[in-house]
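What follows is each chain in one-letter form.
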Amino acid sequence: MSVDLPIVAAPMAGGPSTPALVRAVAEAGGFGFLAGGYKSRESLAAEISHVREHTERFGVNLFVPSSASVDRTAFQNYARHLQPEAEAYGIQLDLEPVADDDRWAQKLALLIEQPVPVVSLTFALPEPAVIAALQQAGSRVLMTVTTPTEARQAEAAGVDGLIVQGPRAGGHSATFDPPRRIEDISTQDLVLQVREGTELPIIAAGGVDGPAAVKELLDAGVQAVAVGTLLMRTDEAGTSDIHRRALTDPAFTETTLTRAFTGRLARALRNHFIDSHDAYAVDAYPAVHYLTKDLRQAAAKAGDAQGLHLWAGTGHRSAPRGPAADVIR
């Protein structure tokens, strides 16, 4: 990546990452990622085309599907637990878990046929042949990791670099082992641990709340620092109004890791939904994502932030309004 500033706009699936945001970050001297998660091949292709008209300082992130099976009984028990809340919106939850690979093959084919400068991968380590195919097409491939062991596995698979995600990052944890308990550790300390076992270039992510945090991570030896939550209230972000307000609402006093919304650990503003359901949630992504989708959409329509997945990193209080370029600078 050739950039003027060692700042990366992290991919934020579900709306916040937009072509306008990626373009603004690139024009300010940083590097932006489009979020390929939850999109069709056609939608992602259109976003890539839009960004490419203005800059080559961008990449695309894909969710790598997992082969893990769903405990159907546990899933159905969680669905029954959620049903009383769903009934308040007139929703009947589906007891059959939905299996979905997020159109992995179609989007992978797109990036091989129409390569972008950088592809980052999240959630699982694909076969080395997949990584090699992307590289042969002309892309540099980065793997998002959360432990030194994952970093070594990614290096052995042939990636060009690592995105080291600390547990204080907002949104989904990129861990290869979703059921594991995530220990709290600073992103700086995690980076130092990872660097002991690899010489691959590193982008650090998680809990970045301003220039001091960026300097700390650069001093730890990374090539760049990724910010996500800090960009969620900017003019170019696609963050919903209710989510924007919640990020600075004093009613939300902390963030926490939860499986309640999607079945995969993710950091969000702690709210009523988490307090009521997290203890019953199951490790079943993306089945739980689809189970709660209508419920979350109903809460959003009703303007009920207490029923929404308000992804946020620990530095969310520092997220400003205004142009994304100002945040990058």
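Residues numbered from 1 in each chain as written. Predicted model: local features only at pLDDT ≥ 70, side-chain atom pairs only at ≥ 80, totals over all residues. Heavy atoms only, no water.

> Any chance you could explain the overall build of the chain here in plain terms?
Along its length, the chain carries 12 helices and 11 strands. Compactness check: the chain gives a C-alpha radius of gyration of 19 Å against a globular reference of 20 Å for 329 residues, within 12% of the reference. The principal-axis extent of the C-alpha atoms belonging to the chain is close to 50 × 40 × 40 Å. Classification of the 329 residues of the chain by burial places 53% in the buried group. Within the chain, residue pairs in contact and separated by at least 24 positions form 66% of the contacts whose partners lie at least 6 positions apart. On the chain, roughly 13900 Å² of surface is accessible, and the fraction owed to carbon and sulfur atoms is 48%. Counting 29 positive and 39 negative side-chain charges, the chain places the centres of these two groups 3 Å from one another. (Helix = DSSP H or I, 4+ residues; strand = E, 2+ residues; numbered from the N terminus. Rg over C-alpha atoms; globule rule 2.2 N^0.38 Å. Buried < 20%, exposed > 50% of the residue type's maximum accessible area, 1.4 Å probe, protein only. Contact = heavy atoms within 4.5 Å. Areas by Shrake-Rupley, 256 points an atom, 1.4 Å probe, with all protein chains shown as cover. Lys, Arg positive; Asp, Glu negative; His and termini not counted. Charge placed at Lys NZ, Arg CZ, Asp CG, Glu CD.)

> Can you walk me through the sheet that holds strand β10 (residues 255-258) in this structure?
To summarise the sheet geometry, strands pair through backbone hydrogen bonds and adopt either a parallel or an antiparallel arrangement. Read across the open sheet, the three strands follow the order β7-β11-β10; overall the sheet is antiparallel. Across the chains shown, the open sheet's two edge strands, defined by having one partner strand only, are β7 (171-172) and β10. Two elements, β7 and strand β11 (residues 266-269), share two bridges in a ladder whose sense is antiparallel. Bridge pairing in β11 links histidine 172 to alanine 266. (Pairing = 2+ DSSP bridges.)

> For this particular structure, what's the right way to read helix α8 (residues 211-219)?
Along an α-helix, a turn takes 3.6 residues, which lines up residues three or four apart on a common side. Taken residue by residue, α8 has Ala213, Val214 and Leu217 as its buried positions. In a view along the axis of α8, the buried residues occupy a sector of 100°, so they form one face of it. With respect to the buried face of α8, the exposed residues turned more than 90 degrees away are Pro211, Ala212, Lys215 and Asp219. Elements in contact with the buried residues of α8: β1 (7-9), α7 (187-195), β8 (202-205) and β9 (224-227). Following α8 by one or two positions, glycine 221 adopts a phi angle in the positive range, close to 105°. (Arc of directions from axis to C-beta.)

> Looking at this structure, I do not really get the pattern of salt bridges. What am I missing?
Pairs can form between side chains of opposite charge once their charged atoms are near each other. Counted under the stated rule, the structure contains 13 salt bridges. Across the pair glutamate 27 and arginine 23 runs a salt bridge whose closest N-O atoms are separated by 2.8 Å. With glutamate 27 and arginine 23 both in helix α1 (residues 19-27) and four residues apart, this pair spans about one turn of that helix. Taking the shortest distance from any N to any O, the salt bridge between glutamate 183 and arginine 181 comes out at 2.7 Å. (Salt bridge = Lys/Arg side-chain N within 4 Å of Asp/Glu carboxyl O.)

> What is the right way to read the nonpolar core from this model?
Soluble globular proteins tend to pack their nonpolar side chains together in the buried interior. In this structure, Ile48, Val60, Leu121, Leu162 and Leu231 are the most contacted members of the largest nonpolar core, which totals 69 residues. With residues up to four places along the chain from it excluded, the contact list for leucine 231 reads Ala9, Met12, Leu21, Val25, Ala237, Ala324, Val327 and Ile328. By size, the runner-up hydrophobic cluster in this structure holds 22 residues, among which are Ile91, Ala260, Ala281 and Leu291. (Core = buried A, V, L, I, M, F, W, Y, C linked by side-chain atoms within 4.5 Å.)

> Is there a simple way to think about the pairing of strand β5 (residues 140-145) in this case?
Two faces, one strand: in a regular strand the side chains alternate between the faces of the sheet. Among the six residues of β5, five are classified as buried, and the element is accordingly described as predominantly covered. Pairing between strand β4 (residues 118-122) and β5: four bridges, direction parallel. Among the inter-strand pairings, leucine 121 is bridged to a residue of β5, identified as methionine 143. The handedness of the β4 to β5 crossover, carried by helix α5 (residues 128-137), is right-handed. As defined by bridge partners, β5 adjoins strand β6 (residues 161-165) across four bridges and the pair is classed as parallel. When the bridges of β6 are listed, threonine 144 appears paired with isoleucine 163. Handedness of the crossover joining β5 and β6 through helix α6 (residues 148-157) is recorded here as right-handed. (Right-handed = clockwise from strand over helix to strand, strands pointing away.)

> Would you take a moment to explain the environment of aspartate 249 for this structure?
Note that aspartate 249 resides in the loop between α9 (241-248) and β10. Judged by its relative accessible area of 29%, aspartate 249 falls in the partly exposed class. Sequence-wise, aspartate 249 and alanine 220 are 29 residues apart; in three dimensions their C-alpha atoms are separated by 33 Å.

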